[in-house]
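Chain by chain, the residues:
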Amino acid sequence: MTTEVDVAVIGAGQAGLSSAYFLRRAELDFVVLDANAGPGGAWQHRWPTLRLGGVHGIHELPYFPFESEDLDRPASEVVAEYFGAYERKFALPIRRPVKVQSVTDGPRLRVETDHGVWMARALINATGTWDRPFWPRYPGQSGFLGTQLHTADYPGPTALEGKRVVVVGGGSSAVQALMEIAPVAAATTWVTRRPPVFRTEPFTQEVGRAAVARVEEAVRAGRSPASVVSVTGLSVTPEVTAARESGVLDRQPMFERVLPTGVAWADGRFVEADVILWATGFRAALDHLAPLGLRGPGGGIVMDGTRVAADPRLHLVGYGPSASTIGANRAGRAAVREIRALLGQRTTTAA
Ligand code: FAD
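Computed from a prediction, not measured in an experiment: that's the story for all the values here.

Let's talk about the overall build of the chain
Helix and strand counts for the chain stand at seven helices and 19 strands. Relative to the 2.2 N^0.38 estimate, which gives 20 Å for 351 residues, the radius of gyration of the chain is 21 Å and therefore close to what a compact globule would have. With respect to the three principal axes, the spread of C-alpha positions in the chain is 75 × 45 × 40 Å. Taking all 351 residues of the chain together, the buried fraction comes to 48%. For the chain, long-range pairs separated by at least 24 residues make up 66% of all intrachain contacts whose partners lie at least 6 apart in sequence.

In structure tokens form, the structure reads like this:
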């Protein structure tokens, strides 16, 4: 089956839904293709102990209040319900589960999926990062006899009861995991490549803007972006202070190798481990765009705002500086404004 549309949106997380809202308002003909079986984007997969009260802050979708009061409920459930309600309220044309396998060039962009082909005049890619967990490689890793997990598969602390756990990574996922694993585990060890940055000053709009500006500069230059959430530093809450004082957040430098029963440093130190939790972040899930050859020598895609510099039909929303719930909202609006101008222009020229 081949269907023609003005705009194809890939992904129905915050970035895809925000884009869909503005496409609807612009009265463009569009479809949203989402690989998940239900609403919620990546949020529906986040670990069950990530409570609404424990996230950095979820910004509401355009023109639809997010009114959940229950901060103890898992973010995965609350956000999935909220996204579902949003999709229904604005009758967004979402097709799922539909996984986009490739996008290829031509007079129209050819979007090939496991459920048919869409031919689009423009494309908004909003596929986030959750589907591309980043696993660093260390010598000996494949010979480890215990369990290796990534944040993307982290089941919560109960499964790690009585285990000796090494947590790798300097971001808030690592810190949150350590604080909840330590009370039930036999032992925890925290290792990071660089010393973690604890932010003692409050998270103001200026701090947020400075973080976004740093990531924006990277993608404009075609470098691979760090996540906005990762460059804002670790908040020092009373729980974090307590965990630092009790030694749970006593960070060790990165180990040199993995042995069958633990991890070892160059100076001869060794820590036994049953589990290594790689809280080492994610990369942009863009494999399906590979046929377009967008990646440059800097490892990233050269961007101008949300637009791919090399092709004005392509926008990446939720990528780089817009990889946060608030950033995704703004980027959706900006992408649709540009696409509407582009398609309007083409229609006029053709007429
Ligand atoms: P996602 O929510 O990941 O949605 C992408 C969608 O695309 C998914 O539904 C997926 O199935 C679909 N998809 C992917 N590939 C394909 C394909 N090939 N074909 C079809 N569909 C596809 N931001 C905040 O503002 N506050 C926070 O507290 C916060 N906490 C975070 C905690 C963690 C652990 C992580 C990883 C991120 C966090 N973020 C936070 C970032 C934030 O979640 C996202 O940047 C934001 O929600 C935008 O998501 P998105 O729509 O880009 O992607």
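A closer look at empty space enclosed by the protein
Scanning all chains against the criterion turns up one cavity of 30 Å³ or more. Looking at the largest cavity, its volume works out to about 40 Å³. Residues that form the lining of the largest cavity fall into these classes: five nonpolar, two polar and no charged.

Let's talk about the sheet that holds strand S15 (residues 270–272)
One open sheet accounts for three strands, arranged S13-S14-S15; its pairing is antiparallel. The open sheet is flanked by strand S13 (257–259) and S15, the only strands paired with a single partner. Strand after strand, the sheet turns through a mean of 25° between neighbouring axes, direction not considered. Inspection of the sheet shows S13 paired to strand S14 (residues 262–264) by three bridges, in the antiparallel sense. Bridging across to S14, Leu259 finds its partner in Gly262.

About the cut-offs
- Residues numbered from 1 in each chain as written.
- Predicted model: local features only at pLDDT ≥ 70, side-chain atom pairs only at ≥ 80, totals over all residues.
- Heavy atoms only, no water.
- Helix = DSSP H or I, 4+ residues; strand = E, 2+ residues; numbered from the N terminus.
- Rg over C-alpha atoms; globule rule 2.2 N^0.38 Å.
- Buried < 20%, exposed > 50% of the residue type's maximum accessible area, 1.4 Å probe, protein only.
- Contact = heavy atoms within 4.5 Å.
- 1 Å grid on protein atoms, 1.4 Å probe; cavity = no way out; pocket = protein on both sides within 12 Å on 5 of 7 lines; lining within 4 Å.
- Points joined across faces, edges and corners; volume = space filled by probe spheres on them.
- Nonpolar A, V, L, I, M, F, W, Y, C, P; charged D, E, K, R; others polar.
- Pairing = 2+ DSSP bridges.
- Axes fitted to C-alpha atoms, helices over the stretch in contact; angles between N-to-C directions.

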